[in-house]
Amino acid sequence: MAIRNEELEKKMENNENNSLLSSLQVEDDEHESKESVLQRYFLQEWKLVKSLLDDIVLNRGSCDLSSVHKIRSIMDKYQEQGELLEPYLESIVLPLMSIVRSRAAEQIVASEETLEIIKTLCIIIYSLVTVCGYKSVIKFFPHQVSDLELAVSLLDKCHKTNAATSLRQESTGEMEAKCIMLLWLSILVLIPFDLSSVDTSMADDDYVHRDEPPPLVMKILGFCKDYLSNAGPMRTIAGLLLSKLLTRPDMSKAFTSFIDWTHEIFSSVEDNVIDHFRLLGAVEALAAIFKIGNRKSLLNVVPIVWNDTSALIKSNSAARSPLLRKYLVKLTQRIGLTCLPHCSPTWCYAGRNSILGENISSNVKGDSNQLNHAVSMDSSSFYQGESFLEDEDMDVPEIVEEIIELLLSGLRDTDTVVRWSAAKGIGRVTSRLTYSLSDEVLSSVLERFSPYEGDGSWHGGCLALAELARRGLLLPISFPKVVPVIIKALHYDVRRGPHSVGSHVRDAAAYVCWAFGRSYYNRDMKSVMEQLAPHLLVVACYDREVNCRRAAAAAFQENVGRQGNFPHGIDIVNMADYFALSSRVNSYLHVAVGIAQYDGYLYPFVDELMHSKISHWDKSLRELAANALSSLVKFEPEYFANVVLGKLIPCTLSSDLCMRHGATLATGEVVLALHKDNYVLSTDKQKMVANMVPAIEKARLYRGKGGEIMRSAVSRFIECIARVQVNLTEKIKRSLLDTLTENLRHPNSHIQNAAVEALEHYVPAYLLSMESKGVNDITSRYLEQLTDPNVASRRGSALGLGVLPFQLLARDWKPVLSKLCSSCAVEDNPEDRDAEARVNAVKALVSVCEKLTDAEKFSDFFSEEDGISLFLFIRSEVMCCLFKGLDDYSVDNRGDVGSWVREAAMDGLERCTYILCKRDSLDIPCRSQGFNSITELHDKESAQNDQIKSFFDANLATNLVGGIAKQAVEKMDKIRESAARVLQRILYNETIFVPHIHYRGKLENIVPNEADIKWGVPAFSYPRFVQLLQLSCYSKYIISGLVISIGGLQDSLRKASLSALLDYLQSTETEGQNNSREFALSTDILWVLQKYKRCDRVIIPTLKTIEILFSKKILLNMEAQTTVFCAGVLDSLAIELRRSKDFSKLGAGIAILGYIASILEPINIRAFSQLLSFLDHRYPKIRKSAAEQVYLVLLENGDLMLDDKVDKAVEIITETCWEGDIEEAKSRRLQLCDMANIKPEEILKATSAESNKIVRQTPTADENASYSSLVGSAGF
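Going by an unreviewed UniProt entry, the chain carries the name Tubulin-folding cofactor D and comes from Olea europaea subsp. europaea.

Pasting the structure below:
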C-alpha cells in the first residue's frame, strides 16, 4: 500500500509539473498578445506621436517646440497609468537618445544651436520619466564606455545655462536636459572598469595628483554637490547618481571625502533657503548611498553619520521641515539595516505565494502536502521550535536600540509622510531581529494605541502593524492582543470643537485588515475575521468619509477573495462595491440594509448607529442615521420596540445636544417604521412616546445653544407620531399644537418647513374630531398672523394655511382666499416687504384652491351657487393676483428676490388653470369624446365658444401664455427654464386639456414635447421664443421681456438674444408695410415705452435696445412709420431723461437722439434741439457725450445748418473742453443754437410741455399694474 501511495503521489506531481509548464507557455503567449493589444489600442494617440517622432528623427532633432509640447501633453494623460506606455518606450527613447549621443559628439565643436536641439529632445524623454519612472526609461539609454566623457561634457555645457522661466508650459528644456544627463551618468558610472582608465586626462603627463580621484570623477562630484542644493528634481537625481558613483569599489577616497563634506553641512546649518535645500539633498543622497552601498564600507562611517543624524533630527530645522524629517527617518532606518546582518529569520510567518499558479496547485494537493510548513502544524508548537533558540544568540549592536527608539517616535510625527516612512523602517529593521526583540518592538508599537496618545500616534501604529503583517513579522500568536486594538482603530473618531479627527486612522486600520488578508492562511485568520468582518462592514456602510468606506470594503473584499469560507461573502462584496459606497445616502439606506439581512450583521449595525452615529457632530449625519436605523426595523421589530426604543427615549433629555437631537429624530423614525411594519406599540411605550415632547419642553431644551436644532427635530417627531396616530391626551394634543404654532413663527425656514409638514399630518389626525374653541379658531388665528408686523409670523402662517385640511378651510373659504391674495401683493411700506412671505402666500393660495376644489369633498360641502362663486373668485381674484406676481421684480441685497415670487406664480397659474379647465370640462359633455388630436378638439370647442360660457376663456388664456412667455425671454436662466417647462406642460397635458389658446399649432412648433430640451441655454431658447413676435396677441409680452435681455448687463445673454432678434428681422417678411416685422416691432417698443413710464428697470434696457437697433440700421428705414416711431421715442425721452441722474439712461438717450438727428426727416430738427440741450448738463461726462453726438450728427447731416456755419460749429465742438467750466459750456451751446436757428427758450418750453403732457396722461407709475390692467380690459 505504501508503494502504491508513493507511485500515486509521483504521478500527481508529474501531472502538476506538466500542467504548470503548459500554463507558463500559455502565459508567454498571453504576454505577447497583451503587448500587441497595448500597442494597438491603449495609446490612442500613437499614430500622431509616431508621426511627430519620425519628423524629429528625420531632421536629426530639429523641430518646433510646439511639436514637443504636443507630445508632452499626450504623455501627461497617462500619469496614473504609466504602464500603458511601457511597450512604446524602446521605440521612443532609443532613437531620441541616439540623436542626443550623436549631437553630443558634435557639441565639442558645434554651436549653441546643437545644444538647443538636445534640450528639446530631453523635454520628451523627461516627460516619459515623469510618467513611467526613471527605472523603466534608463534601460534604453546608451551605455558604452566612450559615452561617459561625452555625457560629462554635455552636462558641463547644460550646467552653465539657466532656465528663462519656471513655468512648465514655457520650458525650453534647460531643467529637463540636466535631469536626463544626470540619469544617463547614473548608468554610465557603473561601467566595469576603473574610472581612472577611462578618464583621458589621466594620460596627460601634467597630471600629478595621483592620490586623488580622477578629474572626471571630481567634475561629476562638483556637479552633484551643486545640484544637491537645488529645489527641483535635479536634487533627487543627483543623489541617485552619487549613490551609484560613490559605492563603486574604486571610489573609497571619494566616498570618504563626501562623508566629510556632509558632516560639514550637518554641522553648519543656517536658516536660509539655499542651506536648507543643500541639507535636504545631502540627507537624501546619504539615504540613497546606504540603500545600495556595501555593508563593510558603510560600517566604517556609521558612527559619524549616526551622530550627525541623531543631532539633526532634534534641531529646529527638522522641526520646521516635514520633508527633512522624512529623509532623516529614511536614513536612520537604512543605518539600522546596515548595522544588522542581512539574514532571513526562520521565525517569520511564511505567508501566501504571490504566484497564482502555485496557489492553485497547492490547493489541489490538499492539506497533506502544503507548500508552507507553518500551515501543516499547530501554530503553538511551531513557534516553540529550535530555530528560536538559535536566533536568540544574535549579537545586536547598541546603536540599533537608539535607531528603533527614533523610528518608534517617528510613528507619532505630525506629518503622514514621516509616519509612513517610520512604519516602513520598523518593518525593515524588525525583519533582521530575533523573535524576542521583535516581540518587544511589537509591544512598543501597541503602546502607540494608548487613549492618551493623539491621532497621529494611532495612525502611525496602524501603518507599522500593517508593515509587520505584510512582512510576516506579526505572528498569529500575537493576534489576541493586536485585533482588539485594530477594532478600536476602525472606530476611532475624536471630537475636536465643531468637527472631529480620525478618518486617517480608520483608513489605516482598514489597510491593516487588508494586509492580514494577503499575508495569512485561512486557518490562522478564521477566528480573527469572525471578529473583524462585522466591524469592517460597519465602517464600509456607516463611515462619514468616502475613502474610509471604500477602504473598509476593499479590505473585506480582499479577505473574502483570499480567505474564503465567508457566508454570503460574494453577495456582500457585489453589494458593497466601489461605486455603491460613493454616495453616503446610498450606503446608509440601501447597501447597509442589503447586508443586514444576513446573519451576524444586524446587531453590530444597530449598535454603531445608536452609540456613534445618532450622536455624531454632523447634523446631516444624525438625520441620515435616524433614517438608517428605521430602515433596519423590518428585520427585528420586537427588538426595536423593546430594546432600541427603551434606550433612545431617555437619551432625548441628554445634556449633550447631539445626542438628544439624534435620539429625538431616531425615536420618531423608529416609531413610524414600526407602524409601517404593522407592529403595534404597547400602551406603556405609547405613553413614553407621547410624553417625550412635554418632557423636552419642561427641561427647557428649546433655549440656548441648539434650541433651533431641537425645534426641527421635535416637529419631525410630531409628524411621525401623527402619522402613526399614537394615543394622546387632550392636554398633550393642545400642547403639541402650540409647539407647532410657535415653530411656525420661528424665523428659521428649516424649522418652519418642518413644522408645516408636521401640521399637515397632525391636524387631520388629532384635531378634526375635537370640538373645542381652540381648534375652531386655528384658521382665524393664522389669518390674523398674515398681517402681523413680524415677518416670520407672516411666512409661517401662510404656509400653515396652505396645509390645513378641507374641513377647516371650507367654512371660511372667502376670507382665507382674500387674505392670501392680499398677502401676495408687494407691501406698501418698504420696511414691511418680504419676498419669502409673498412666495409662501402664493404657494398657500394655490394649495388652498386645490383643496377647496377637490372633487371628492366639493359636492358634499358646497351648494351649486357656492361652488360657482368659488370658481368665479378663483377666475377673477386669484388669477389676477397670480398675474400680478409675474410682475414682482423686487430687489434687495440678495439680488432679484422677486424671481422667487415669479417662479411660484408661474407654478400657481398652471395649477389654477387646471382647476378652471377641469371645472369647465364637467359642464361640456363633448370634451369627454375622443378626438384624433389636440388641434381637432380645439377647433370643436372654438365652434361652441359662443354658446357656452366657461371659467377659462380666450382672454385669460392669452394673458396666461403671454405672461409665461415673457418670463421665458428674460435674463435669469432658472426662470427661463421654469417658464418654458410650465408652458410645455400646459400645451401637452394629457389629463386636462387647456382650451382657447390662440395659435396653438405654432406654439407647439416653438415648444415641442421633448423632455431633454435645455431651455436655460440662451442660444437655444431665444431663437424659438422670438418667433412669437409675429403673433400680435403675444408680441407685446415677448418684447417687454426681450428688451430686458438685449439691454441687460450680461454680455453672453445680450449676444444670444440680440442675435435671435436680428435673425428674426432678417428672415422673409410678409408683404405690405403695415404687416412688416419692423413695423410690428416698432409698435411694440412704443407700447413698452408707454407701459413702463418712469420704470427704470424696463426703460433703461429698452433705450439700450433701441440704440443697438439703430446702430444696426434697423427701424430707420420704414418710410412713414420711421417718423411715427421716432416721434414716439422722442416723446418718451422728453420725460425719461428730464432730471435723470442715471448715467446709463442718459447715455443711451443721447445716443438715440444722435441717431434720430442724423436722418433726413422733419423729426431730426426736434431731436437735434433736444440733443443740444444736454451740452450744458450739470454732469461733465454727459456734456462730453452730447458734444460727441453733435459732432457726429453734423458730419452726417449737414442740412441742420447752413454750409458756411457747419465748419464753424465743428470747430466750436472740437475746441471746447466740455468737461470743464459749465459757464463756458452754456455759452458754447448758445452759439450752436444760434447757428442752427434754434431758440433755447423754445427747446425748454417744448420739452416741458411734452413732459407735462406725459405726466398728465400717466397718473401712476406702478409697474405692478400691468397684468391687472390686461385682466381688467378683459372684463374681469
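Chemist: Explain the overall build of the chain residue by residue, including any values.
Modeler: Tallying secondary structure elements over the chain gives 65 helices and two strands in all. Counting contacts in the chain only where the partners sit at least 6 residues apart, residues at least 24 apart contribute 73% of the total. Surface exposure of the chain reaches about 58,300 Å², of which carbon and sulfur atoms provide 50%.

Chemist: So what about the packing of aromatic side chains? Which residues, and what values?
Modeler: For the coordinates displayed, the defined rule picks out 24 aromatic pairs. Aromatic side chains F449 and W458 sit 5.3 Å apart centroid to centroid with 85° between the ring planes, which places their arrangement in the edge-to-face category. Overall, F449 belongs to the buried group, its relative accessible area being 7%. Aromatic pair F1110 and F1125: ring centres 6.1 Å apart, planes at 90°, arrangement edge-to-face. One end of the pair, F1110, is in helix α57 (residues 1096-1111); the other, F1125, is in helix α58 (residues 1120-1136), and 15 residues separate them in sequence. An aromatic cluster of three or more residues is present, and its members are Y349, F479, F516 and Y520. A cation over a ring is seen here: R550 above Y578, with NZ or CZ 3.7 Å from the ring centre. For the cation-ring pair, R919 lies above F871, with the distance from its terminal atom to the ring centre recorded as 5.3 Å.

Chemist: Outline the packing of α58 against helix α60 (residues 1163-1172), listing residues and values.
Modeler: It is at 10 Å that the axes of α58 and α60 come closest, and there the two elements cross at 20°. Judged by the angle between their axes, α58 and α60 are roughly parallel. Crossing of α58 against α60: the hand is left-handed. On α60, the residues that touch C1126, A1127, L1130 and D1131 of α58 are I1163, R1166, A1167 and Q1170. Among the residues making up the contact of α58 with α60, the classes are represented as five nonpolar, one polar and two charged.

Chemist: I'd like a rundown of the environment of D1204, residues and numbers included.
Modeler: Mapped onto the elements, D1204 comes out in helix α62 (residues 1203-1215). Considering only alpha carbons, one finds D1204 and M1235, 31 residues apart in sequence, at a separation of 9.8 Å.

Chemist: Break down helix α23 (residues 435-446) for me, with residues and values.
Modeler: Three or four residues apart is the spacing at which side chains of an α-helix point the same way, because the helix has 3.6 residues per turn. Under the 1.5 Å per step criterion, the end-to-end length of α23 is 16 Å for twelve residues, consistent within 8% with the ideal 16 Å. Residues of α23 that are buried: Y435, S438, V441, L442, V445 and L446. Projected down its long axis, α23 carries its buried residues within an arc of 140°, all on one side.

About the cut-offs
- Numbers given to residues run from 1 along each chain, matching the order in which its sequence is written.
- Side-chain atom pairs in this predicted model are given and counted only at pLDDT of 80 or more, local residue features only at pLDDT of at least 70, and totals for whole chains, interfaces and linings cover all residues.
- The basis for every side-chain value is the complete set of non-hydrogen atoms in the structure, without hydrogens or water.
- Under the DSSP-based scheme used, a helix requires at least four consecutive residues in state H or I and a strand at least two consecutive residues in state E, with every element numbered from the N terminus.
- We call two residues contacting when some pair of their heavy atoms lies within 4.5 Å.
- The Shrake-Rupley method, run with a 1.4 Å probe sphere, supplies the accessible areas, and residue values consider only the shown protein chains as cover.
- Here a pair means two rings of Phe, Tyr or Trp (six-membered ring of Trp) with centres within 6.5 Å. Their orientation is stacked below 30 degrees between planes, edge-to-face above 60, and tilted elsewhere.
- Categorising residues by exposure relies on relative accessible area from a 1.4 Å probe, with only protein chains included: less than 20% of the type maximum marks a residue as buried, more than 50% marks it as exposed, and the intermediate range marks it as partly exposed.
- Only when the NZ atom of a Lys or the CZ atom of an Arg is both within 6 Å of the ring centre and within 35 degrees of the ring normal do we say a charge sits over the ring.
- To get an axis, fit a line to the C-alpha atoms, keeping to the stretch in contact for a helix; angles then go from 0 to 180 degrees between the N-to-C directions.
- Relative orientations are named as follows: roughly parallel for angles under 35 degrees, roughly antiparallel for angles over 145 degrees, roughly perpendicular for angles from 65 to 115 degrees, and oblique for any other angle.
- What makes a crossing left-handed is the near helix being turned counterclockwise from the far one by less than a right angle; a clockwise turn instead makes it right-handed.
- Under this grouping Gly is polar, as are all residues other than the nonpolar Ala, Val, Leu, Ile, Met, Phe, Trp, Tyr, Cys and Pro and the charged Asp, Glu, Lys and Arg.
- The length a helix should cover is 1.5 Å for every residue beyond the first.
- Each direction from the helix axis to a C-beta atom contributes to the arc, which is the arc of those directions.

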